[in-house]
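Residues per chain are reported as follows:
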Amino acid sequence: MPIKIYKTTRAARKRSSIIDRSALYKGKPLRVLVRAKQRISGRGAEGKITVRHRGGGAKRSLRVIDFAQEKQGIPGTVERLEYDPNRSAFLALILYADGERRYRLAWSSAVPGTTIMTDAQTPEIPGNRMQLQHITPGLSVFNVELRPQRGGRLVRGAGTTAILMDVKGNYAQLKMPSGEIRLIPKESYATLGQVSNPDQWLERLGSAGRVRRLGRRPQVRGKVMNPVDHPHGGGEGNQPIGLKAPKTKWGKPALGVKTRTRGKYSDAMIIARRQKKKRTK
């Protein structure tokens with residue numbers, strides 16, 4: 001989808017752009033595949049805020065998406081492409097030969113009328129889903145199962161894709177979008193192609209109002225707070241944080257600190273770690 005750049009007619013339009021969704025279906029989603037969504041505003045199971053700066057925003061409804069795509073051997077046809085407010089990628093409404101309709105993640109080359117298939121081994125065309133052991137190394141895949149028959153868990157964001165490096169023994173080597181190379185059971189299913197909406201990262205919100213409608217609340221820098229409110233607070237005027245390293249509101253180290261548990265069970269499945277991103281000043 002191309003990027004639509006607004007004219008600077010007012011401050012909210014300055015440097016703002018949006019994905020051109022003129023090719024998507026403009027009606028309401030399929031009613032039987034829509035569920036009510038409860039707002040949690042960053043709160044966990046105890047009702048306490050575990051993720052700050054979340055809340056409000058436009059009202060949304062959940063689309064029931066078939067990430068597993070377990071209807072094997074039954075061909076399906078893409079009826080239409082739809083926008084989903086809950087994710088960055090678009091959705092494809094699939095009409096199967098038995099008359100059932102299901103939502104699934106759309107791929108970048110999806111168009112209405114395309115026929116797709118899910119089976120242990122299918123033709124290697126974008127949109128088809130099959131086991132990793134039958135896919136030619138070097139091809140791009142998405143919506144990958146971490147464990148067989150558990151449904152797609154990996155590579156589901158807009159424009160993302162993983163590359164199948166090789167299949168050896170009981171595992172397939174997959175290069176993730178982050179650059180990490182890890183082992184996935186070769187019986188796991190994956191969809192060929194790239195997730196739809198690859199230009200999503202080029203979109204510029206441009207105004208605080210668009211950010212609020214996405215459910216993000218304002219963030220306040222610690223250095224402008226009082227000392228009682230944040231470790232970076234205090235001082236007259238614009239002061240540096242005054243510490244060797246940035247900290248969170250509760251005094252824990254931030255920025256660049258490893259959060260992965262040491263000795264995690266899945267470490268054995270990781271062949272090469274992702275490279276650290278260099279911070280630009």
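In what follows, the structure referred to is the one given above.
Nothing here was measured: the structure is a model prediction, and the numbers come from that model.

**Q** How would you sum up the nonpolar core? Please name residues and give values.
**A** Core analysis: the largest hydrophobic core is formed by 38 residues, its most contacted members being Leu 81, Leu 132, Ile 135, Val 141, Val 144, Val 155 and Leu 174. Residue assignment for this core shows that the elements contributing at least two residues are β5 (76-82), β6 (91-96), β7 (101-105), β10 (140-142), β13 (162-168), β14 (171-175) and β16 (189-192). Element by element, the count of residues in this core is highest for β6, at 5 residues. In contact with Ile 135, not counting residues within four places along its chain, are Glu 124, Met 130, Val 141, Leu 164 and Leu 192.

**Q** Break down the side chain of Asn 128 for me, with residues and values.
**A** Looking at the secondary structure, you find Asn 128 in the loop between β8 (115-116) and β9 (129-131). Asn 128 sits in the buried class, given a relative accessible area of 2%. Only 2.9 Å separates the side chain of Asn 128 from the backbone nitrogen of Met 117, close enough to count as a polar contact. Dropping the residues within four chain positions of it, Asn 128 is found in contact with Thr 115, Ile 116, Met 117, Thr 122, Pro 123, Ala 190, Thr 191 and Leu 192.

**Q** I'd love a proper account of the pairing of β14, names of residues and values included.
**A** Because side chains alternate across β14, one face comprises the buried residues Ala 172 and Leu 174, and the other comprises Tyr 171, Gln 173 and Lys 175, none of which is buried. Examined bridge by bridge, β13 and β14 share 5 bridges and lie antiparallel to one another. In the sheet register, Leu 164 faces β14, and the bridge partner there is Leu 174. Hairpin connection of β13 to β14: 2 residues between the antiparallel strands, including Gly 169 at a positive phi of 65 degrees. Where β14 lies against strand β15 (residues 181-185), 5 bridges are found, and the strand directions are antiparallel. Paired with Lys 175 across the strands is Ile 181, a residue of β15. Between β14 and β15, which follow one another and run antiparallel, lie 5 residues, and Gly 179 among them has a positive phi close to 100 degrees.

**Q** Mind laying out the pairing of β6, listing which residues take part and the relevant values?
**A** Among the 6 residues that make up β6, 5 are buried, leaving the element largely enclosed by the rest of the structure. Pairing between β6 and β7: 5 bridges, direction antiparallel. Bridging across to β7, Ala 92 finds its partner in Arg 104. Adjacent in sequence and paired antiparallel, β6 and β7 are bridged by 4 residues, among which Gly 99 carries a positive phi angle near 95 degrees.

**Q** Lay out the sheet that holds β8 in plain terms, naming residues and giving numbers.
**A** Strand order in the open sheet made by the 4 strands is β7-β6-β5-β8, with antiparallel pairing throughout. The open sheet has two edge strands with one neighbour each: β7 and β8.

**Q** So what's going on with the environment of Asn 226? Which residues, and what values?
**A** Along the chain, Asn 226 turns up in the loop between α1 (208-213) and β17 (270-272). Along the sequence, Asn 226 and Glu 145 sit 81 residues apart, while their C-alpha atoms lie 47 Å from each other. Asn 226 has contacts with Gly 233 and Gly 234, leaving out every residue within four places of it along the chain.

About the cut-offs
- Residues numbered from 1 in each chain as written.
- Predicted model: local features only at pLDDT ≥ 70, side-chain atom pairs only at ≥ 80, totals over all residues.
- Heavy atoms only, no water.
- Core = buried A, V, L, I, M, F, W, Y, C linked by side-chain atoms within 4.5 Å.
- Buried < 20%, exposed > 50% of the residue type's maximum accessible area, 1.4 Å probe, protein only.
- Helix = DSSP H or I, 4+ residues; strand = E, 2+ residues; numbered from the N terminus.
- Contact = heavy atoms within 4.5 Å.
- Polar contact = N/O pair within 3.5 Å; in protein donor to acceptor, adjacent residues only side chain to side chain.
- Pairing = 2+ DSSP bridges.

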